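# Residue-level structural notes
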Amino acid sequence: MEARDGYRGGPRGAEAHDGRRSEPDGYETSSGPFSRPLGSGRPAGPDETDSSVFDIADDRRDGPSYRPSTPGSDRPDPYRSASEGSSMTYPPGSYGRQSGVRSYPGSTPAAAPPAPYDGGRYDGGRHNGPSSMPPIPTAPPPAPPAPPAPAPNASSGWAPEGVGLPAPREAAASNDVHDMVSLIRSSFAAVAPRSDELTQLFYGWLFRIAPETRELFPVTMELQRTRLLRALVHVVQMVDRPDELSVFLRQLGRDHRKFGVIGEHYDKVGEALLGALRETAGPSLWTREVEEAWSGAYGIVAQAMREAADAERGPAVWMARVMEHRRISQDLAVVRVQTSQPVPYQAGQYVSVETPQRPRMWRSMSPANAPGPDCVLEFHVRTVPGGWVSRAIVSHARVGDVWRIGPPMGQMTLDPRSRSDLLMVAGGTGLAPARAIIEQLIIDGTDRKVALFVGGRTWADLYDIEALRRSAQENPWLSVVPVVEDDGRAHGAETGTVGEVVARYGAWADREITVSGSPPMVRATVNALLDAGTPFLNIHYDPYHTD
Ligand SMILES: NC(=O)C1=CN([C@@H]2O[C@H](COP(=O)(O)OP(=O)(O)OC[C@H]3O[C@@H](n4cnc5c(N)ncnc54)[C@H](O)[C@@H]3O)[C@@H](O)[C@H]2O)C=CC1
């Protein structure tokens, strides 16, 4: 059992994209949903989440094992909404063959040839049993990779454009900038443990000095509060990476047009932010230097956002009509919407969405399909416990509903200039952006090898595995490896969390890597890869949050 049938592509598991569920329950199946070549995209995007991905940035910066200490570090996001060889050859086994790179970190190459992973293709479950699982390295833990180069202005190559931060204090390398960054980080670390207080103070301050902004927010501010902090943490962590931060801020500025945010709101937000920080920090911490650093940094942030918003000539939002709502399981739905004008997103990006069931509650969702002339976006939505929007979409969205779609965000996109092979790691509905990227590669006619590790807690969670399997069969460059937390051998799946499984294969140092899923999954995966020796700059993920 192994790789036969046409598969070719992947280490285990794969299947074509479109089919969706294949699974267990037989809800509906494959076939249909997706009309596009590869997996025509599925959506992704549940909503409310939790923790953060942001601390990863710190992990990278300070070394693989570093874990942010700030509790709330999981929640940045703009102050309001803002808000992943052919079959036969691939993954494990083929992995090594392909690139000659794969050896387990810390072990000698000869010692750990990932073994007979026949390359992969998913055979539907019959395939390898336990013995086909790549050997788990027994060697001592790999030496931590060298701390990633600071790479201040290094554009990852994946970022669409490398716009420079408005004027990061002129010389990004100057001591002034260094001091500013240092002051901001240290002071933020000091207030982060009191993040609840900080965010409450912020909104209280803002609504006091600019009461008209209250109506821009949802009635319940509970989740909203975490967004401010999330955005803040993201900015703080990226403050010395002007290119990436600039792209983020400009996207954020364009995104905020949908709220009707106007220029003077930025000033009020800045005043409220500094006031809240000052009060939370207390006089002993909030020195004049600290205030100047925050003031300067906020000025840069606001300027970047305002400039991008002012320069934007396209729509602030796109109206989208729900054309299909398919309940894949009790907690998962695939929704396809169609806009009258194309939403200018790139495969791998996400958009914010507002539904009629939950006005003013915008949520991030990644189209699971590549953009096409039909102006159709497909979203995969899983309910989140307690999630207002995700539950409403899965249970109550109807054909004919009109959604509002915000401008595209995110930097996990394909660089057309790159020829590097790819590794995509996707957890749950985090499959969506990976699917969109794979679909785009199919459309473009790629010659790049792509390994997709798709994880679920159980086999039943791999709702799109049949479609992925088909895609792998049809596209020799694609390998798909299903991963489940419980014992997946009966299905030919790897066992473990998707991050730990992918890192068993080595550092994947020659690949461009995308990671998409819940913030904890992204964080764990990035850390596992860093521990395996993956170059930090090869890893791409977005600060995607659904809450
Ligand atoms: N661009 C992006 O990054 C996108 C992210 N998402 C997010 O993906 C998530 C998907 O949620 P579900 O479908 O419920 O999948 P899930 O949360 O059940 O995760 C499935 C996979 O992630 C791994 N995982 C989960 N928590 C982990 C942890 N703490 N540490 C290590 N591994 C962990 C599991 O082992 C499994 O492989 C949502 O939070 C959604 O917001 C969705 C679409 C796009």
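Everything below is about the structure printed above this text.
As a starting point, this report considers the structure included with it. Computed from a predicted model, the values in this text were never measured in an experiment.

### Overview of the pattern of salt bridges
Applying the stated criterion across every chain yields a total of 19 salt bridges. Note that Glu289 is salt-bridged to Arg288, the shortest N-O span being 3.8 Å. On the basis of relative accessible area, Glu289 is assigned to the partly exposed category, the value being 40%. Overlapping salt bridges bring together Glu324, Arg326, Arg336 and Glu378 as one network.

### Some details on the environment of Val481
When you line up the elements, Val481 lands in strand β9 (residues 478-484). Sequence-wise, Val481 and Leu468 are 13 residues apart; in three dimensions their C-alpha atoms are separated by 9.5 Å.

### A look at the sheet that holds strand β8 (residues 450-456)
Taken in spatial order, the six strands of this open sheet run β10-β9-β8-β7-β11-β12, and their pairing is parallel. The outermost strands of the open sheet, each flanked by one partner alone, are β10 (494-495) and β12 (539-540). Relative to β12, strand β11 (residues 511-516) runs parallel, the two sharing two bridges. In the sheet register, Thr514 faces β12, and the bridge partner there is His540. Taken strand by strand, helix α10 (residues 431-444) contacts β7 (421-427), β8, β9 and β11, and its axis lies near 150 degrees from that of β7. On the sheet, helix α11 (residues 465-474) packs against β8 and β9 and is oriented at approximately 155 degrees with respect to β9.

### Describing the packing of helix α6 (residues 242-255) against helix α8 (residues 288-311)
Two numbers describe how α6 lies on α8: the axes approach to 7 Å, and their chain directions differ by 55 degrees. Between α6 and α8, the crossing angle belongs to the class labelled oblique. Relative to α8, the crossing made by α6 is right-handed. Touching Leu249, Arg250, Leu252, Gly253 and Arg254 of α6 are Val301, Ala304, Met305, Glu307, Ala308 and Ala309, all from α8. Residue composition of the contact of α6 with α8, grouped by class: seven nonpolar, one polar and three charged.

### Some details on the packing of aromatic side chains
Summed over the entire model, instances satisfying the criterion amount to 10 aromatic pairs. Measuring from ring centre to ring centre gives 5.5 Å for Phe207 and Phe217, while their planes differ by 65 degrees; the resulting arrangement is edge-to-face. Placement of the pair is Phe207 in helix α4 (residues 195-209) and Phe217 in the loop between α4 and α5 (222-238), with a sequence separation of 10 residues. What makes Phe217 buried here is its relative accessible area of 3%. Considering the side-chain rings of Tyr505 and Trp508, the 6.2 Å spacing of their centres and the 70 degrees angle between planes classify their relative orientation as edge-to-face. In this structure, Tyr505 and Trp508 share a single accessibility class: buried. Put simply, the rings of Phe202, Tyr203, Phe207 and Phe217 touch in pairs and so form one group of aromatic residues.

### Quick word on the sheet that holds strand β1 (residues 318-329)
Spatially, the six strands line up as an open sheet ordered β4-β3-β6-β1-β2-β5, and their pairing is antiparallel. In the strand order of this sheet, the two ends are held by β4 (363-365) and β5 (376-382), each with one partner. This sheet shows a mean twist of 40 degrees between the axes of neighbouring strands, independent of strand direction. With two bridges connecting them, strand β3 (residues 351-354) and strand β6 (residues 402-405) associate as antiparallel partners. The residue bridging Glu354 from the neighbouring strand is Arg404, located in β6.

### With respect to unusual backbone geometry
The phi torsion at Arg360 lies on the positive side, around 65 degrees, for a residue other than glycine. Along the chain, Arg360 turns up in the loop between β3 and β4. The exposure class of Arg360 is partly exposed, given its relative accessible area of 31%. Although it is not a glycine, Trp508 adopts a positive phi angle of roughly 50 degrees. Among the secondary structure elements, Trp508 is positioned in the loop between α12 (498-504) and β11.

### As for the pairing of β3
Judged by which residues are buried, β3 turns out to be covered on both faces: Val351 and Val353 on one side and Ser352 and Glu354 on the other are all buried. By the bridge criterion, three bridges tie β3 to β4 in an arrangement that is antiparallel. In the strand pairing of β4, Ser352 is matched with Ser364.

Rules of the game
- Residues numbered from 1 in each chain as written.
- Predicted model: local features only at pLDDT ≥ 70, side-chain atom pairs only at ≥ 80, totals over all residues.
- Heavy atoms only, no water.
- Salt bridge = Lys/Arg side-chain N within 4 Å of Asp/Glu carboxyl O.
- Buried < 20%, exposed > 50% of the residue type's maximum accessible area, 1.4 Å probe, protein only.
- Helix = DSSP H or I, 4+ residues; strand = E, 2+ residues; numbered from the N terminus.
- Pairing = 2+ DSSP bridges.
- Contact = heavy atoms within 4.5 Å.
- Axes fitted to C-alpha atoms, helices over the stretch in contact; angles between N-to-C directions.
- Parallel < 35°, antiparallel > 145°, perpendicular 65-115°, else oblique.
- Left-handed = near helix turned anticlockwise from the far one by under 90°.
- Nonpolar A, V, L, I, M, F, W, Y, C, P; charged D, E, K, R; others polar.
- Phe/Tyr/Trp six-rings, centres within 6.5 Å; stacked < 30°, edge-to-face > 60°.

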